[in-house]
Every structure is written in structure tokens, then in C-alpha cells.
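If you want the building blocks of each chain, they are given just below.
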Amino acid sequence: MTQPPVEGLTLERRGAVAELVLDRPHTRNAFTQAMWAALPGLLETAARDCRVLIVRGAGNAFASGADISEFAEVYATPERAGIYSHQIAAALDALAAFPHPTIAMIRGACVGGGCALALACDLRFADESARFAITPAKMGLIYPFNDTKRLVDAVGAAMAKDMLFSARTLDAAEALACGLASRVTSPSGLDRLVSDYMDQLLDMSPHSAEFTKQMIARVLAGQNQDSETTKALFAGAFSHADFNEGYRAFLEKRKPDFSAVRAAPGTGIKDQ
């Protein structure tokens, strides 16, 4: 099933998998203002009935960043610039907060806002053609805080400074070595790498994945001690239907079938 596209973005569904396709190959999938504005709504739609989200570019690039041809318009006044910056931040934050696992599937250019998009995903699988760069220094701009934090979380402070000070391009091997890429394969192997990993995720508990993302988000936000909330998240798993299926499958020496488990109600746990 394919969601009616926003120009430049297509949401495709195959069972429990959703694919967000960046579809402006003639611009190396540069993002327009309309695409940034539409992204949170598309992600909200995808989250309702998928278990894994793949983000990929059409053609031979992931994304070359924001569409510079729009800059004269979107930065024409401080008010317009503020709206545009807010739309980009909202789009990237929505992807980072997506409740299910997300994988950026990267070929070719992954530059500027495209790199920010990849960093907002949980994992970044690339082929050897991938090239990464973050280039605000070339235009006298500053990388936004949330994007900077995601970069530092991925590669560490020293490499983040190196990339942002110099705006230099990293090839796939260097990106893998510093943590910017999660895995790298040959150009012919990327589809299989993503497909095999996706199948592995679909064999696992969706409840475990969702709440693991919440736990890790808390660590990255600075929580360094167990809290009443995280204790409750951990304890609540033992009463969830996925645990019932998982341990029964273990005792019966069979593969668990989490797809057959009816979604359990929310935990009702609130931040403390």
C-alpha cells in the first residue's frame, strides 16, 4: 500500500514495514520547505500500523540537504526564517521520536539536512558509495542544538567538532569507524543487508523495541540512575502479552510469533 505522496515524499507500506522515500532524484533528494512541513504528519500516519520504518532516497543519493534554490524566499525576512527553521526542527524531532525502530538506508550523498535526517534515525546502514558531510560553516550558519546533540551522541564531541569546523566529507569507511554509519556494505549488498536486518527485527518483540527506545532516549537525555518510571517500564514487561508469548515459545521450543499477539493497552505510566 502506498500513501498518496506529498511532492518529493512517498510513504510506502508492506505489511508491518513502512518506507519513507525521498523522491527528488534530479536534485539528489534535496528537501523543500513543503517536504519538511509534511514529514511529521507522514510519520504520525506510519507509526499507527508499522513496526519498522526505512528511510531511503530515490536514485543514487540519500539526501543532499535543504533545497538551496528556496533560500531567497524562506530567508527573506526574520519571520519567514523562523518559520522555516521551526519546520525543519519539528520534522527531525518527529523522526527522532518515532516510536518504532528506524533505519536510514544510505547511498551516495548524505549531506547537510540529509545527514541530520539520517542522524535522527536509530540506525544508519550505508553502502560504499555513501558520502557524509555537515556544511553550515560553508554558509556562515550554525548547526541547531538538537541536531548537534544527535551528532555528538553518534560520533563524540571531538569528531563532531572536526566535521562542523571543517565541513569536510567523510567516506563510508570513516563514517563507520567514527559511528556515523552503523554498518557498511557493497553497493550490491545494501538491499539484502537492510532486508535481512528488518526480518530479524520483525521476529523480535515490538513491545521490547518500543520501550527499549524509551529507555535509551532517557539515557541520552541525561538520566543516569534508575527512576520510578524506568523501574515501572522494566517491571511492566512481565505482565505484557509479548512476554507471555516469548516465554511460552521458549518452553515449547518454538519460535515466538509476536505478530499473533494482540496489542496490549498502554502502560499508563507517566513521567515522574
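Values in this document were obtained by computation on a predicted structure and should not be read as measured data.

Some details on the side chain of D127
As for its placement among the helices and strands, D127 is situated in strand β7 (residues 123–127). When near neighbours in sequence (up to four residues on either side) are disregarded, D127 contacts I106, R107, G108, A172, V184, T185, S186, P187 and L190.

Brief notes about the state of the cysteines
This model, assessed by the stated rule, comprises zero disulfides. In this structure C110 is not part of a disulfide, and its nearest cysteine sulfur, from C115, lies 4.5 Å away. Since its relative accessible area comes to 0%, C110 is described here as buried.

Some words on the sheet that holds strand β8 (residues 131–133)
Sheet architecture is open: three strands sit in the order β6-β8-β9, paired in mixed fashion. The outermost strands of the open sheet, each flanked by one partner alone, are β6 (109–111) and β9 (170–171).

Focus on the packing of helix α9 (residues 206–220) against helix α10 (residues 228–236)
Packing of α9 against α10 leaves a shortest axis separation of 11 Å and a crossing angle of 160°. It follows that α9 is roughly antiparallel to α10 by the angle criterion. The two elements α9 and α10 cross, and the hand of that crossing is left-handed. In this structure, α9 contributes F211, Q214, M215 and R218 to the contact, and α10 contributes T229, T230, L233 and F234. Its residues assigned to classes, the contact of α9 with α10 shows four nonpolar, three polar and one charged.

Notes on the pattern of salt bridges
Enumeration over the complete set of coordinates arrives at 18 salt bridges. D127 serves as the salt-bridge partner of R107, at 3.5 Å between the closest nitrogen and oxygen. Taken together, the positions of R107 in the loop between β5 (102–106) and β6 and D127 in strand β7 put the pair 20 residues apart, joining distant regions of the chain. Using a relative accessible area of 23% as the deciding quantity, one classes R107 as partly exposed. For D127, a relative accessible area of 2% gives the class buried. The closest approach of N and O atoms between E174 and R168, which form a salt bridge, is 2.6 Å.

Thresholds, definitions, all that
- Residues numbered from 1 in each chain as written.
- Predicted model: local features only at pLDDT ≥ 70, side-chain atom pairs only at ≥ 80, totals over all residues.
- Heavy atoms only, no water.
- Helix = DSSP H or I, 4+ residues; strand = E, 2+ residues; numbered from the N terminus.
- Contact = heavy atoms within 4.5 Å.
- Disulfide = S-S within 2.5 Å.
- Buried < 20%, exposed > 50% of the residue type's maximum accessible area, 1.4 Å probe, protein only.
- Pairing = 2+ DSSP bridges.
- Axes fitted to C-alpha atoms, helices over the stretch in contact; angles between N-to-C directions.
- Parallel < 35°, antiparallel > 145°, perpendicular 65-115°, else oblique.
- Left-handed = near helix turned anticlockwise from the far one by under 90°.
- Nonpolar A, V, L, I, M, F, W, Y, C, P; charged D, E, K, R; others polar.
- Salt bridge = Lys/Arg side-chain N within 4 Å of Asp/Glu carboxyl O.

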